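Structure at a glance
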Amino acid sequence: MITLALSKGRIFDETLPLLQAAGIEVTEDPETSRKLILPTNRPEVRVVLVRATDVPTYVQYGGADLGVAGKDVLLEHGGQGLYQPLDLRIAKCRMSVAVRADFDYAAAVKQGSRLRVATKYTTVARQHFADKGVHVDLIKLYGSMELAPLTGLADAIVDLVSTGGTLRANNLVEVEKIMDISSRLVVNQAALKVKREPIRRLIEIFSTVTQKR
Ligand SMILES: Nc1ncnc2c1ncn2[C@@H]1O[C@H](COP(=O)(O)OP(=O)(O)OP(=O)(O)O)[C@@H](O)[C@H]1O
Ligand SMILES: O=P(O)(O)OC[C@H]1O[C@H](OP(=O)(O)OP(=O)(O)O)[C@H](O)[C@@H]1O
């Protein structure tokens, strides 16, 4: 049995065509089913649905043999026990610093004032500001980061940006791109040894499809 961990939403949706290329069809729709283990047309392959941030943990501890996780999530997790053979180039966005439109970020950084930064991505944010030599107080949040500068909780946020629509809707502006983000295939290192052939085949097919894009 091969168990693949996916999160509902964009990762599931964007992984489906890759699975299809490998002849794997998920036979239940996660948006309508309450099941957390989804069968496929292949009796030896199943999909488990977990939170995006839990994908690396499931794969690390062997709750799933492989999974798909964003680079953002992998950097926060640390990647221990994971083999990361392939950038799938799906769920593309960027991680950026954003502030209120009326906040002078350049001046704040130049003056060396201590910035209050709210984010779900504390590891990446800490490293980013340390590299710039900017002193920050990090405030860990789990969602709705955009609200933090609007309510005075923070001066800046570090969040994911794609179209920029969410920032615009909340009167925030992107002032610095930290890195590009896409999702990777992650594999449990023990599973790679024990289930080498089927996993290798999947990696090869995913790789071919990904490179054609
Ligand atoms: N607007 C976006 N456009 C493209 N990719 C995105 C966007 N937002 C997030 N992603 C990528 O997709 C991944 C999954 O995002 P998703 O919104 O499904 O989960 P989440 O709500 O961030 O996670 P959790 O439910 O664990 O809090 C993220 O880890 C990121 O790599
Ligand atoms: O630049 P944009 O195209 O507006 O995308 C950016 C938004 O996308 C993500 O949220 P998502 O839509 O996944 O909502 P969620 O994390 O709350 O599920 C991210 O956390 C931003 O809020």
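As the structure is a prediction and not an experimental result, all values here were calculated from the model.

All residues adjacent to ligand 2 are R10, E146, D159, L160, V161, S162, T163, G164, G165 and T166. Here an oxygen atom of ligand 2 and a side-chain polar atom of R10 are 2.8 Å apart. Take D159: an N or O atom from its side chain is 3.5 Å from an oxygen atom of ligand 2. Expressed as a share of its isolated accessible area of 500 Å², the protein-covered part of ligand 2 is 55%. Listed by contribution, the elements that provide at least two residues to the shell around ligand 2 are β8 (156-161) and α7 (165-169). Tallying contributions element by element places β8 first for the shell around ligand 2, with three residues. Its residues assigned to classes, the shell around ligand 2 comprises two nonpolar, five polar and three charged.

Taken together, the neighbourhood of ligand 1 is formed by 16 residues, with R10, R51, T53, D72 and K120 sitting nearest. At 2.8 Å from an oxygen atom of ligand 1 is found a side-chain nitrogen or oxygen belonging to R51. Note that an oxygen atom of ligand 1 is positioned 2.7 Å from one of the side-chain N or O atoms of D72. Burial of ligand 1 by the protein chains amounts to 77% of its free accessible area of 630 Å².

Further remarks concern helix α9 (residues 196-211). Between the first and last C-alpha of α9 there are 22 Å, a value that for 16 residues agrees with the 22 Å anticipated at 1.5 Å per step. Next to the buried residues of α9 lie β1 (2-6), α1 (10-21), β4 (66-70), β5 (82-100), β9 (172-188) and α8 (189-194).

For the rest of this paragraph, the subject is the nonpolar core. Of all hydrophobic cores here, the largest spans 29 residues; its most connected members are M95, V97, L115, V117, F129, I157 and V158. Broken down by element, this core gets its largest block of residues, five residues, from β5. Core analysis: the next-biggest nonpolar cluster, separate from the first, contains 27 residues, I2, L38, I199 and L202 among them.

Now for the domain arrangement of the protein chain. Here the protein chain is described as being made up of domain 1 (2-92 + 181-211) and domain 2 (93-180). Between the C-alpha centres of domain 1 and domain 2 there is a distance of 30 Å. At the interface, nine residues of domain 1 touch twelve residues of domain 2. Taking both partners together, domain 1 and domain 2 bury about 800 Å²; carbon and sulfur atoms supply 55% of that area. Inspection of the domain 1/domain 2 interface yields zero salt bridges. Counting every contact that joins domain 1 to domain 2 gives four residue pairs in polar contact (both at pLDDT 80 or more). Looking at which element gives the most residues to the side of domain 1 that touches domain 2, the answer is helix α3 (residues 71-77), with four residues.

With mixed pairing, the nine strands of this open sheet are ordered in space as β2-β3-β1-β4-β9-β5-β8-β6-β7. The strands lining the two open edges of the sheet, one partner per strand, are β2 (37-39) and β7 (136-140). Put simply, the sheet's adjacent strands are angled 25° from each other on average, direction ignored. One ladder, built from three bridges, connects strand β6 (residues 115-119) with β8; its direction is parallel.

What follows covers the pattern of salt bridges. On inspection of all chains with the given rule, the structure shows nine salt bridges. Between R100 and D102 there is a salt bridge, and its shortest N-O distance comes to 2.9 Å. Here R100 falls in the partly exposed class, since its relative accessible area comes to 32%. The closest approach of N and O atoms between K177 and D180, which form a salt bridge, is 3.0 Å. The exposure class of D180 is partly exposed, given its relative accessible area of 47%.

Another aspect to go through is a negative patch on the surface. Together, D13, E14, D29 and E31 make up a region of like negative charge exposed at the surface. Following the sequence through the fold, E31 ends up in the loop between α1 and β2.

Moving on: the pairing of β9. In this structure, β4 lies alongside β9, joined through five bridges in antiparallel fashion. Its bridge partner lying in β9, V68 is registered against L185. Summarising the sheet, β5 and β9 pair through 13 bridges and their orientation is antiparallel. The partner of L82 across the bridge, within β9, is N188.

So, how was this worked out
Residues numbered from 1 in each chain as written. Chains lettered and ligands numbered in written order. Predicted model: local features only at pLDDT ≥ 70, side-chain atom pairs only at ≥ 80, totals over all residues. Heavy atoms only, no water. Near = heavy atom within 4 Å. Polar contact = N/O pair within 3.5 Å; in protein donor to acceptor, adjacent residues only side chain to side chain. Areas by Shrake-Rupley, 256 points an atom, 1.4 Å probe, with all protein chains shown as cover. Helix = DSSP H or I, 4+ residues; strand = E, 2+ residues; numbered from the N terminus. Nonpolar A, V, L, I, M, F, W, Y, C, P; charged D, E, K, R; others polar. Expected span 1.5 Å × (residues − 1). Contact = heavy atoms within 4.5 Å. Core = buried A, V, L, I, M, F, W, Y, C linked by side-chain atoms within 4.5 Å. Buried < 20%, exposed > 50% of the residue type's maximum accessible area, 1.4 Å probe, protein only. Domains from an automatic or database assignment. Buried area = accessible area lost by both parts, 1.4 Å probe. Salt bridge = Lys/Arg side-chain N within 4 Å of Asp/Glu carboxyl O. Pairing = 2+ DSSP bridges. Axes fitted to C-alpha atoms, helices over the stretch in contact; angles between N-to-C directions. Patch = residues over 30% accessible without salt bridge, like charges linked within 9 Å, V, L, I, M, F, W, Y side chains within 5 Å. Lys, Arg positive; Asp, Glu negative; His and termini not counted. Charge placed at Lys NZ, Arg CZ, Asp CG, Glu CD.

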